[in-house]
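Residues per chain, in single letters:
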Amino acid sequence: PVCTDEKLAEGFVPLFDGKTMANWVVPESGCYRVAAGGVMEYRPELGGGGLWTEREYGDFCLRFDFRLTSDCNNGLAVRCPKDNLNTYTGGFEVQIVDDESTAISEVLPQLGLRQQAYQRHGAVYGVVPPRVREDGRSFLNPVGRWNRQEVWMKGSRLKVVLNGSVIQDVDLDACPTEGLDHAAHPGIRSRRGCLGWLSHGYPCFWKRIRIKEL
């Protein structure tokens, strides 16, 4: 189901009904669309760009399921105002990425992975690395399997739960706006804006996207 009666009773409402692209501003290329089984998909061969919510949000809890493809590089844009849909200056990005990717340039020597810590899944991109397992691996399920993620925003506090494990719990106001990637990230101070998917040329899939405003 898109959003169970129990979840509706908790105050969650669907951002994706499994049948249409209502609630989203869809690029003209149609690269985001509804697939079989009530799934939202990104088709890179049709074009690029971000998919943004029609509405802006401040404090919220967002829940969604997602499935990656090999080397997939995506992201969740958070609190980007409509007049500045930029994840550095307007808002920020919670990274969605295949942590076993061979497509990203820098290597973590202890793992043989090709991401910097601030690029890994669940990172506040460029600013705050995520929590990982003791062996250094991600809490992601293997590529091709569905994952479940929850993102809480309350004031400056961000919490991300992946497959039942907390991978991010941070006060963004306590973080420097000069990122670990040596770029300025003033958008981490944003308090309200659109949500969005940030696809970078790899197929990606979502379902059961729902939100509760706090």
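Basis of the calculations
Residues numbered from 1 in each chain as written. Predicted model: local features only at pLDDT ≥ 70, side-chain atom pairs only at ≥ 80, totals over all residues. Heavy atoms only, no water. pLDDT = per-residue confidence, 0-100. Contact = heavy atoms within 4.5 Å. Pairing = 2+ DSSP bridges. Helix = DSSP H or I, 4+ residues; strand = E, 2+ residues; numbered from the N terminus. Salt bridge = Lys/Arg side-chain N within 4 Å of Asp/Glu carboxyl O. Buried < 20%, exposed > 50% of the residue type's maximum accessible area, 1.4 Å probe, protein only. Core = buried A, V, L, I, M, F, W, Y, C linked by side-chain atoms within 4.5 Å.

Bringing the confidence of the model for the chain into the picture now. The predicted model of the chain averages 91 in pLDDT, with 89% of residues at 70 or higher. This stretch, residues 105-111, has a pLDDT under 50; its non-local contacts, to residues over four places away or in other chains, come to 17 contacts.

With that settled, the discussion passes to the pairing of strand β3 (residues 32-35). Two faces, one strand: in a regular strand the side chains alternate between the faces of the sheet. With four bridges connecting them, β3 and strand β4 (residues 39-42) associate as antiparallel partners. By the bridge assignment for β4, Ala35 is matched with Val39. Hairpin geometry of β3 and β4 is characterised by an intervening segment of three residues between the two adjacent antiparallel strands and by a positive phi of about 80° at Gly37.

Going through the model one piece at a time under the given rule, you end up with twelve salt bridges. The shortest N-O distance in the salt bridge between Glu41 and Arg43 comes to 3.5 Å. Judged by relative accessible area, Glu41 falls into the buried class, the value being 9%. Look at Arg43 and you get partly exposed, because its relative accessible area is 24%. Asp173 is the salt-bridge partner of Arg191, the closest N and O atoms lying 2.5 Å from each other. Residue Arg191 is found in the loop between β11 (165-171) and β12 (193-199), and its partner Asp173 is found in the loop between β11 and β12; the two are separated by 18 residues along the sequence. Ionic contacts of the salt-bridge type, sharing partners, join the residues Arg33, Glu41, Arg43 and Glu45 into one network.

What follows is about the nonpolar core. With 42 residues, the main nonpolar core has Leu62, Phe64, Leu158, Trp197, Trp206 and Ile209 as its most contacted residues. It is strand β6 (residues 60-68) that contributes the most residues to this core, five residues altogether. Residues Trp52, Ala77, Cys80 and Leu198 belong to the second largest nonpolar core, which totals five residues.

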